[in-house]
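Coordinates in review
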Amino acid sequence: MTDLKKWITTASAALALSSLNGEMLDLEKDELKFGFIKLTDCAPIVIAKEKGFFEDEGLQVEVIAQPNWKQLLDNVINGELDGAHMLSGQPIAATIGFGTEAHIVTAYTLDLNGNGITVSNAIWEGMQENDPALDTDTPAHPITADSLKPIVEEKLEEGEKLQMGMVFPVSTHNYEIRYWLAAAGIHPGFYTSEDKKGFTNAQVELSVTPPPQMPATLESGNISGYCVGEPWNQQAVAKGIGVPVTTNYDIWKNNPEKVFGVNAKWAKENPNTHIAVVKALIRAGKWLDETDSDGVLINREEAVRILSQPNYVGADFDVIKNSMTGYFYFQKTDKREMPDFNVFFKYHSTYPWYSDGVWFLTQMRRWGQITEPKPAEWYDKVAKEVYLPEVYLEAAKHLLEEGHISEEDIPWDTDGYKPATDEFIDGILFDPKDPIGYLNSHTIGNKD
Amino acid sequence: MAESTKDKIKYRILKALDVSGFTAFDPVIRLFFGEEPQKQFAAIVKYLVIPAIFVLSCVWFWSWIGPRHKTKSGEVPTPDVVWESVQINDTIADREKVKQSDFQLKGAEREAALEAVAKEYAVLTEEVEAAKALVAEREAEKKAREEKLIAPLEEKYDALKSEYRDAAKARDAEIARISEAVSSGDEPASALIAAIREDGIASDKERDVLNGYKAQIDEIRSQKYKPLDLARKRYDSVADKQFFMKTRLEFLDDRNLYVKLDEAQAELNEYMAELSSAGSAKDALKIAKRAVRAEESVARLEGQEYASAVTIYHQTKRSIFTVFVGFFMAAFVAIPVGIMCGLNKIFMACMTPIISVFKPVSPVVWLLIFQIVVGAFFPDPENHVLLNFLNNLPLISSLEINPALIFSACTVAMCAVWPALVNTALGVASIDQDHVNVARVLRLGFWSRLFKIVIPSALPLVFAGLRISLGVGWMVLIAAEALSSSDGLGKFVWDEYQNGSSLTFANIIMVCFVVGIIGFFLDRMMIILQRFVSFDGRGTSV
């Protein structure tokens, strides 16, 4: 791996010398295919195509919808796709060999936040009974799983386990819903070397359902709640089949959500193309988060118009518009402002932070997807294999020269670790430099 | 003489109708040629008018029942909504074509188009503003109407809620009193149990009443206000058009191929000029390097094609192509193997277990198996010899053959192979004994017996098998495409399902008709082929 790093650094150093005048990069490949899943957070890729940012880099890009996360990953591995919109956990899991094994890297984080947890109407009524404070049109947030706990226990006494859904074993959604449940003392189950479903010792069983099927699966009663990205929480509200109780903003404020992943082999063979792609994505992210002097997001409506085309997300304009322009309906009567529901550029969010990788690794260890205890240095090592800030910074340097971004948009001198934070629903401190300490501070989950 | 030419034409047409299975139109032709008008009229009424009325009444029933059947996944689209979705898909395909031609427009034509579009854009912008204002107005109206209806209900709900709270408090106090009395032995324990039970029943009842009110309020909130819906629809359609015009402006301007080419060319010329007046060797080298790069970017732009979005027409073409690839693969295997099965009982006995076990396997399973197996043959699809060869052929190149198409085609082949195989075997095995005897008397060799006796007499059944195979293949293909995300009608319908927009349902029903109609024509095509090789004069069935 150090091999790849060295290669990229030398390649970019050579480039930095030759291209200081903002000339076009010497592309290895100019016709690319990118995959995405129909969710609003694929926006930077779609916008970079539709607004011509890819074309400005001399790239002709095709953007193709994929049926599910597994197929998307397979297509990136087998070379059918050059890159894709991926769950943050996917490159990490693939690299360490949980699920499909392949070395996937990322040089660009697509967005922060954007998910919600929805429960069925019956569960919501039960939660309201357990906690009368929830029994209003506008209950106070964050809503914890404390009021869900008695329901889970009652079910267990009847010899049943509450069933809930998430979208993929290494998805942010899986870790978020587990985090939310465990914070209230509900055990969501372990993965073990034999149990790849993660049901061992579970009080609530979490199964995989593709995002668009979530509302229908909830309605049919196979699951009583789920954690999914937009527009599938708002869809449940619109259809009146469920109530979103929390968003991932409350579970972990400004958590990393999706990344732009490519095959390490591809990255090695096409270093300049990779930089060109990241350049276009940075511009798209910036365009999406552009605000006027009052802080109103000015380009989001146009973005929604593009995303609602049937070959992209394809949901109704009005449904996508909610969360993308900074609103979220918790119930039909409870519309709230959530300006940071989707963050595409602010807070240096697009930088590929090593600390994001460390968090995902701690969750994989916490729930047993990583079966063996690992030392702290291993976490740092894996994060550095997956995240490529060099590529990002190289792209940013070009953009700065061309005047597309300003100096303060990019964290130029970071070591890749965000400062420790306790902005979680359970208030536990996460210091990315001390993953073992973080693991040990949770009551539920593996400890090392 | 003239009479007989006319008759000849008539009989030719009738024969064509017969072969293609459209015999219902016979009387129309006969009437046209003036044959027994009364009889023909009667036949037309019986076999054309009545069925047409029946179909129309089905459509009418559909449009009547649609809006009355409430589903949570969205309204059941009526025929006109489905037709609208056909038009929307057509518009999408059209717009892609326009964008493509804008991308490639040159010189004065481009400027003229740019001016025209700019004008249209300005007009549309005004319209969008007006439509937006109308939506806001309608929204306010809807809200006012709702408030009027909801206010009294809410008042009642609040009143009941506080009343019930008091009642619950009173009951709690009563229970507390009884429990005191029970503990001091003044009242029997059963009284306390009864009181608690009654309290449970009463609070359940109260909750039901309150929930009833809540449901009523929700119902009012979820009611549609038609003027608002219309205003929204109008706004959406103009805003969509405005957005399209904006994209066109971009494609006619900065993003136009020739604009970009001109820019690149100008840059190149500039470097060339600079190069001739370079001061030092170092400068010259630097400029020359840039010139080479500019030259490369000109060359790249010249080869650049517009990256079009996939339209339904493209997807339909690809599906039809895939089904034929799979079908021919199936026929290629099924016919020889079937003939061998029919000729040789031992071979048949060997094949029987394989046929019986694999025939019922679901296409989904085959797809997964082929995805794993076929995938291994294409480690690097971009540079694969076979794929590159196919993608450079004229006509086929536009279909963009990729491994996903090959998995889907293999899945089709795997599911379509069985009916053809079984029918061929049956056809060969049941050859008229007389024919076999004749062959024996003539001492024909194996090959001449095969080609002169066996195949000709088995042909009708072989074609019957192929006809079923094509039908099965077409049915399987849609599922295979959906799951392997290979462009085609299957992917289209799956993407629609994942879109979850208000158009989704209508588009899915549209695909139902598209797939059905194409399937119908494929089947008819096979019937015609079958009729050409079949000696019996039986008419075609449905």
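Everything numeric here is computed off the predicted structure, so don't read it as measured data. (Residues numbered from 1 in each chain as written. Chains lettered and ligands numbered in written order. Predicted model: local features only at pLDDT ≥ 70, side-chain atom pairs only at ≥ 80, totals over all residues. Heavy atoms only, no water.)

Some words on the sheet that holds strand β3 (residues 83–87) of chain A
Residues and elements named next belong to chain A. How we decide: The criterion for strand pairing is that DSSP finds at least two bridges linking the strands in question. Each helix is a run of H or I in the DSSP string that is no shorter than four residues. Each strand is a run of E no shorter than two, and both are numbered from the N terminus. For helices, the fitted line uses only the C-alpha atoms of the stretch in contact; every axis is such a line through C-alpha atoms, and the angle between N-to-C directions lies from 0 to 180 degrees. Only heavy atoms matter for contacts: two residues are in contact if any of them lie within 4.5 Å across the pair.
Taken in spatial order, the 5 strands of this open sheet run β2-β1-β3-β10-β4, and their pairing is mixed. Since the sheet does not close on itself, it has two edges, and those belong to β2 (60–65) and β4 (104–112), each with one partner. Strand-to-strand, the axes of this sheet are offset by a mean angle of 25°, without reference to chain direction. Bridging between strand β1 (residues 31–36) and β2 involves 6 bridges; their strand directions are parallel. Opposite Lys33, over in β2, you have Glu62 as the bridge partner. The strands touched by helix α5 (residues 89–96) are β3, β4 and β10 (256–263); relative to β3, the strand with the most contacts, the crossing angle is about 95°.

Description of the packing of aromatic side chains
All names here are of chain A. Our working rule: Note on aromatic contacts: the rings of Phe and Tyr and the six-membered ring of Trp form a pair at centre separations within 6.5 Å, being stacked when their planes are under 30 degrees apart, edge-to-face when over 60 apart, and tilted otherwise. Remark: exposure states derive from per-residue accessible area (1.4 Å probe, protein chains only) relative to the maximum for the residue type, with buried under 20%, exposed over 50%, and partly exposed in between.
The tally for this structure, following the rule as stated, stands at 38 aromatic pairs over all chains. Plain terms: the ring middles of Phe424 and Tyr438 are 6.1 Å apart, the flat faces sit at 40° to each other, and that makes the pair tilted. Separated by 14 residues along the polypeptide, Phe424 in the loop between α18 (389–402) and α19 (435–440) and Tyr438 in helix α19 bring together distant segments of the chain. Note on Phe424: relative accessible area 7%, which makes it buried.

Here's the deal with the nonpolar core
Within soluble globular proteins, side chains that are nonpolar tend to cluster in buried spots. To be explicit about the condition: What we call a nonpolar core is a set of buried Ala, Val, Leu, Ile, Met, Phe, Trp, Tyr and Cys residues that are connected through their side-chain atoms within 4.5 Å.
Counting 82 residues, the largest nonpolar core has Met127(A), Leu148(A), Trp180(A), Leu181(A), Trp359(A) and Met364(A) as its most contacted members. Leave out the neighbours within four places in its chain, and Leu181(A) touches Ala145(A), Leu148(A), Met164(A), Ile186(A), Pro188(A), Val204(A) and Leu206(A). Listed in part, the 60 residues of the second largest apolar core include Cys410(B), Leu450(B), Leu489(B) and Ile518(B).

Observations regarding the packing of helix α4 (residues 79–104) of chain B against helix α7 (residues 226–252) of chain B
All names here are of chain B. Operational definition: For classification, angles of less than 35 degrees are called roughly parallel, those exceeding 145 degrees roughly antiparallel, those between 65 and 115 degrees roughly perpendicular, and all remaining angles oblique. Helix crossings fall into two classes, left-handed where the near helix is turned counterclockwise from the far one by less than a right angle and right-handed where it is turned clockwise. By the convention adopted, Pro, Cys, Tyr, Trp, Phe, Met, Ile, Leu, Val and Ala count as nonpolar, Lys, Arg, Asp and Glu as charged, and the other residues, Gly among them, as polar.
It is the contact of α4 with α7, at a shortest axis distance of 8 Å, that shows an interaxial angle of 20°. Judged by the angle between their axes, α4 and α7 are roughly parallel. For α4 against α7, the interelement crossing comes out right-handed. Between α4 and α7, the residues in contact are Glu84, Arg95, Val98, Lys99, Asp102 and Phe103 and Lys233, Asp240, Lys241, Phe244, Thr247, Arg248, Phe251 and Leu252, respectively. Taken together, the residues of the contact of α4 with α7 sort by class into 5 nonpolar, 1 polar and 8 charged.

Description of the UniProt feature "transmembrane region" (unreviewed entry) in chain B
Residue and element names in this part refer to chain B. For the record, the criterion: UniProt positions are given in the numbering used here, feature names are shortened, and annotations may be inferred rather than shown by experiment.
In the numbering used here, UniProt assigns the feature "transmembrane region" (unreviewed entry) to residues 47–65, 320–343, 355–378, 404–429, 450–480 and 500–522. Strand forms 0% of residues 47–65 and helix 100%; the C-alpha atoms that close the span are 27 Å apart. Across residues 450–480, the secondary structure splits into 100% helix and 0% strand, with the terminal C-alpha atoms separated by 36 Å.

Looking at a negative patch on the surface
All names here are of chain B. Threshold: In this analysis, a patch consists of residues with relative accessible area above 30% that form no salt bridge, clustered at 9 Å for like charges and at 5 Å for the nonpolar side chains Val, Leu, Ile, Met, Phe, Trp and Tyr. Every accessible area reported is derived by Shrake-Rupley at a probe size of 1.4 Å, with residue values counting cover from the shown protein chains alone. We define a salt bridge as a contact between a side-chain nitrogen of Lys or Arg and a carboxyl oxygen of Asp or Glu at a distance within 4 Å. Counted as positive: Lys and Arg. Counted as negative: Asp and Glu, with His and the chain ends omitted from the count. In plain terms, the charge of a residue is placed at NZ if it is Lys, CZ if Arg, CG if Asp and CD if Glu.
A contiguous patch of negative charge, built from Asp253, Asp254, Asp262, Glu263, Glu267, Glu270 and Glu274, is present on the exposed surface. Mapped onto the elements, Glu274 comes out in helix α8 (residues 257–276). Residue classification places Glu274 among the partly exposed positions, given a relative accessible area of 33%.

Observations regarding the interface of chain A and chain B
What counts here: Here's the idea: put two parts together, see how much 1.4 Å probe accessible area each one loses, and the total over both is what we call buried area. Side-chain atoms alone can form a polar contact between residues adjacent in sequence; in general such a contact is a pair of N or O atoms within 3.5 Å, and within protein one must be able to donate a hydrogen while the other accepts it.
Tallying the contact residues gives 54 residues for chain A and 53 residues for chain B. Here chain A packs against chain B, burying approximately 4400 Å² in sum over the two surfaces, 39% of which is carbon and sulfur. If you look at where chain A meets chain B, you find 10 salt bridges. Counting the contacts that link chain A with chain B gives 13 residue pairs in polar contact (both at pLDDT 80 or more). Mapped onto the side of chain A that touches chain B, the elements with two or more residues apiece are α2 (43–50), β2, α4 (69–77), α10 (232–239), α14 (300–307) and α15 (317–324) of chain A. For the side of chain A that touches chain B, the element with the highest residue contribution is β2(A), accounting for 5 residues. Of the residues belonging to the side of chain A that touches chain B, the class tally is 16 nonpolar, 17 polar and 21 charged.

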